[in-house]
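In case you want the letters, here they are:
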2 protein chains.
Amino acid sequence: MKADTGTAGTAQDDPACSGQLPLAAQNGPVSLLVSRVARLHRIAAGKALKGLGLYPGQEFLMMHLWDAGPVRQSELIKAVDLDPSTVTKMLQRLEQAGHVRRRPDPDDRRAVLVEATDSSCGLLTEVQRAWGELEGHTLAGLDADERAQLARLLGRVEGNLCKETADCPEEARRAALR
Amino acid sequence: MKADTGTAGTAQDDPACSGQLPLAAQNGPVSLLVSRVARLHRIAAGKALKGLGLYPGQEFLMMHLWDAGPVRQSELIKAVDLDPSTVTKMLQRLEQAGHVRRRPDPDDRRAVLVEATDSSCGLLTEVQRAWGELEGHTLAGLDADERAQLARLLGRVEGNLCKETADCPEEARRAALR
DNA sequence: GAGATTAACTTGGTCGGCCAAGAAATACGC
DNA sequence: GCGTATTTCTTGGCCGACCAAGTTAATCTC
């Protein structure tokens, strides 16, 4: 209904007009930026982790397991703040991949204890390295001040979205400490 | 196999030490922040869009269609920079939901022309509103300077990750203009 | 202690994403 | 022209993520 490109179909006869921002997103340029950065970042992380036999998302589960040792699944769920069913399925796959071990909790027969396997601990180092590289790519060209600024602003944004979503671990953590 | 928390298992007897950041992510605190913000932002967007009959992600497709009018599917794919199969399936669902119409391109019998339906154009306004609200929540409490800073820094980050991923529309757009 | 409630998973379904492989039509090379 | 790419889209499979509904076990109530 506009943009009758006509010519080639390459659709970029929009020279310096309207700033190539979708009309529907004019009200939220930063949100659009966040979405794009999010996607690119996830792709980059996925690429780095693929070589390690991890799918994007599983890293966070493993990180918590590496840090906390054997935990009840319910606690893991709270920690990563995901849907229980999501965690169940991820753990099934991680278990089959040999990165995780699960056993029933003797003290509570409906609960399950989860821990990282020894073999997975080799991954820890590599994930740390990959995560560091990712950080490097992400922040390339930013000096220390800018990095601190970005971290600070993202922290504020996280707080904002947490309050909105209301199920943020941040708030829970803070509340638990009082 | 570390963090012999021992005591309760609540795993937060870590008072003011190491800053509650996963060990594996110590090398990438900003990356972790980005991931968390990304997820929260997507959830918030999804919530806002759910009432409109859109699933998270479909917005971007619709935005391009609203802006560009009837386009070939291949162009849509380049615009949103998604996998062709992803777009195919999303369009099938959007078509069944009545938000999109598809017809074969008379000039190229393997191509498909896609356009937003009239009924979907009512959504445009609501998506704009929702997107504006989302922006509001996201940036609540940030003054104009901070917002500009955040946008600028996110732009830089996007550029960085684009170069890495190499298939960013940004670069392509810029390259096409030279 | 029997019954209702809550907590801790699991299963099935759906959607957004990706990859790999295929089918169909166009473009290219000769 | 004919055969070979190349483009365009589709299908199937997999994974992360959600919701809804169900199962089993603990807990709370009386």
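Shown above is the structure to which this text applies.
Keep in mind it's a predicted model, so treat the numbers as computed, not measured.

S.K.: Teacher, can you tell me more about the overall build of chain A here?
M.R.: The secondary structure content of chain A amounts to seven helices and three strands. Secondary structure elements of chain A, listed N to C terminal, follow the sequence α-α-β-α-α-β-β-α-α-α. When burial is assessed residue by residue, chain A has 42% of its 178 residues classed as buried. For chain A, long-range pairs separated by at least 24 residues make up 46% of all intrachain contacts whose partners lie at least 6 apart in sequence.

S.K.: Would you explain the protein's contact with DNA strand C in this entry?
M.R.: Taken together, 27 residues lie around DNA strand C, and A:Ser74, A:Val112, B:Gln58, B:Ser85 and B:Arg93 are the ones closest in. Taken together, the sugar and phosphate atoms account for 68% of what DNA strand C places within 4 Å of the protein. A:Gln92 is positioned with one of its side-chain polar atoms (N or O) 3.1 Å from a phosphate oxygen of DNA strand C. Elements with a minimum of two residues in the surface near DNA strand C: helix 3 (73-80) and helix 4 (84-96) of chain A together with helix 4 (84-96) and strand 3 (108-116) of chain B. By residue class, the composition of the surface near DNA strand C is seven nonpolar, eight polar and 12 charged.

S.K.: Whenever I open this one, the packing of helix 1 (residues 29-50) of chain B against helix 5 (residues 118-138) of chain B confuses me. Can you help?
M.R.: Axes are the key here: two packed helices are described by the angle between their axes and the distance separating the axes. Residue and element names in this part refer to chain B. Across the interface, helix 1 lies against helix 5 with an axial gap of 10 Å and an inter-helix angle of 145°. Between helix 1 and helix 5 lies a crossing of right-handed hand. Contact residues: helix 1 offers His41, Ala44, Ala45, Ala48 and Leu49, while helix 5 offers Ala130, Leu134 and Thr138. Taken together, the residues of the contact of helix 1 with helix 5 sort by class into six nonpolar, two polar and no charged.

S.K.: How should I be thinking about the sheet that holds strand 1 (residues 71-72) of chain A in this particular structure?
M.R.: Whenever strands of a sheet pair, they do so through backbone hydrogen bonds, lying parallel or antiparallel. Residues and elements named next belong to chain A. The antiparallel open sheet is built from three strands, whose spatial order is 1-3-2. Edge strands, defined here as strands with exactly one partner in the open sheet, are strand 1 and strand 2 (100-104). Sheet topology places strand 1 next to strand 3 (residues 112-116); two bridges connect them, and they run antiparallel. Of the residues in strand 3, the one forming a bridge with valine 71 is valine 114.

S.K.: What am I meant to see in the relation of the copies chain A and chain B here?
M.R.: What connects the two chain copies is a rotation about an axis and a shift along it. Superposing chain A onto chain B takes a rotation of 180° plus a shift of 0.0 Å along the axis, which leaves an RMSD of 0.1 Å. Taken together, the rotation angle and the small translation identify this as a two-fold axis. Identified as the residue of chain A closest to the rotation axis by C-alpha distance is A:Ala38, at 2.6 Å. Of the interface residues in chain A, 97% have counterparts in chain B that sit at the interface too, so the contact is made through matching surfaces.

S.K.: What am I meant to see in the protein's contact with DNA strand D here?
M.R.: Taken together, 27 residues sit near DNA strand D, with A:Gln58, A:Ser85, A:Arg93, B:Ser74 and B:Arg110 positioned nearest. Protein-adjacent atoms of DNA strand D, using a 4 Å cutoff, are sugar or phosphate at a proportion of 69%. A:Arg93 has a polar side-chain atom sitting 2.7 Å from a phosphate oxygen of DNA strand D. Between B:Val112 and DNA strand D, the recorded distance is 2.8 Å, taken from a backbone N or O atom to a phosphate oxygen. Those elements giving two or more residues to the surface near DNA strand D turn out to be helix 4 of chain A together with helix 3 (73-80), helix 4 and strand 3 of chain B. Per-class residue counts for the surface near DNA strand D are seven nonpolar, eight polar and 12 charged.

S.K.: Would you mind showing me how to read the interface of chain A and chain B here?
M.R.: Interface extent is often summarised as the accessible area lost during association of the parts. Listed by partner, the interface residues are 77 residues for chain A and 78 residues for chain B. When chain A packs against chain B, the two sides together hide about 7,100 Å² of surface, and 62% of this comes from carbon and sulfur. Linking chain A with chain B are eight salt bridges, by the criterion used here. The partner of B:Glu158 in a salt bridge is A:Arg36, with the nearest N and O atoms 2.6 Å apart. Summed over the shared surface of chain A and chain B, the number is 24 residue pairs in polar contact (both at pLDDT 80 or more). Elements represented by at least two residues in the side of chain A that touches chain B include exactly helix 1 (29-50), helix 2 (58-68), helix 3, helix 5 (118-138), helix 6 (144-165) and helix 7 (169-177) of chain A. Looking at side-chain class alone, the side of chain A that touches chain B contains 42 nonpolar, 18 polar and 17 charged residues.

S.K.: Sorry if this is basic, but what is going on with the packing of aromatic side chains here?
M.R.: To describe a pair of aromatic rings, one takes the distance between the centres and the angle between the planes. Residue and element names in this part refer to chain A. As enumerated under the stated definition, the model contains two aromatic pairs over all chains in all. Geometrically, the ring pair formed by phenylalanine 60 and tryptophan 131 is edge-to-face, given 6.0 Å between the ring centres and 90° between the ring planes. Of this pair, phenylalanine 60 sits in helix 2 while tryptophan 131 sits in helix 5; the two residues are 71 residues apart in sequence, bridging distant segments of the chain. Note on phenylalanine 60: relative accessible area 26%, which makes it partly exposed.

S.K.: I'm lost on the sheet that holds strand 3 of chain B in this one. Help?
M.R.: Strands sit in the order 1-3-2 (chain B) across an open sheet of three strands; the sheet is antiparallel. Bordering the open sheet on either side are strand 1 (71-72) and strand 2 (100-105) of chain B, each of which pairs with just one other strand.

S.K.: Would you explain the side chain of A:Asn160 in this entry?
M.R.: You can see A:Asn160 is positioned in helix 6. Here A:Asn160 is in contact with B:His137, B:Thr138, B:Leu139 and B:Ala140, once residues within four sequence places are set aside.

S.K.: Explain the pattern of salt bridges to me, please; I cannot follow it from the model alone.
M.R.: Where charged atoms of side chains with opposite charge meet at close range, the side chains can pair. All names here are of chain B. Going through the model one piece at a time under the given rule, you end up with 20 salt bridges over all chains. Here glutamate 115 makes a salt bridge to arginine 103, at a shortest N to O gap of 2.8 Å. Separated by 12 residues along the polypeptide, glutamate 115 in strand 3 and arginine 103 in strand 2 bring together distant segments of the chain. Its relative accessible area of 14% is what places glutamate 115 among the buried residues.

Definitions and limits used
Residues numbered from 1 in each chain as written. Chains lettered and ligands numbered in written order. Predicted model: local features only at pLDDT ≥ 70, side-chain atom pairs only at ≥ 80, totals over all residues. Heavy atoms only, no water. Helix = DSSP H or I, 4+ residues; strand = E, 2+ residues; numbered from the N terminus. Buried < 20%, exposed > 50% of the residue type's maximum accessible area, 1.4 Å probe, protein only. Contact = heavy atoms within 4.5 Å. Near = heavy atom within 4 Å. Polar contact = N/O pair within 3.5 Å; in protein donor to acceptor, adjacent residues only side chain to side chain. Nonpolar A, V, L, I, M, F, W, Y, C, P; charged D, E, K, R; others polar. Axes fitted to C-alpha atoms, helices over the stretch in contact; angles between N-to-C directions. Left-handed = near helix turned anticlockwise from the far one by under 90°. Pairing = 2+ DSSP bridges. Least-squares fit on C-alpha atoms with pLDDT ≥ 70 in both. Buried area = accessible area lost by both parts, 1.4 Å probe. Salt bridge = Lys/Arg side-chain N within 4 Å of Asp/Glu carboxyl O. Phe/Tyr/Trp six-rings, centres within 6.5 Å; stacked < 30°, edge-to-face > 60°.

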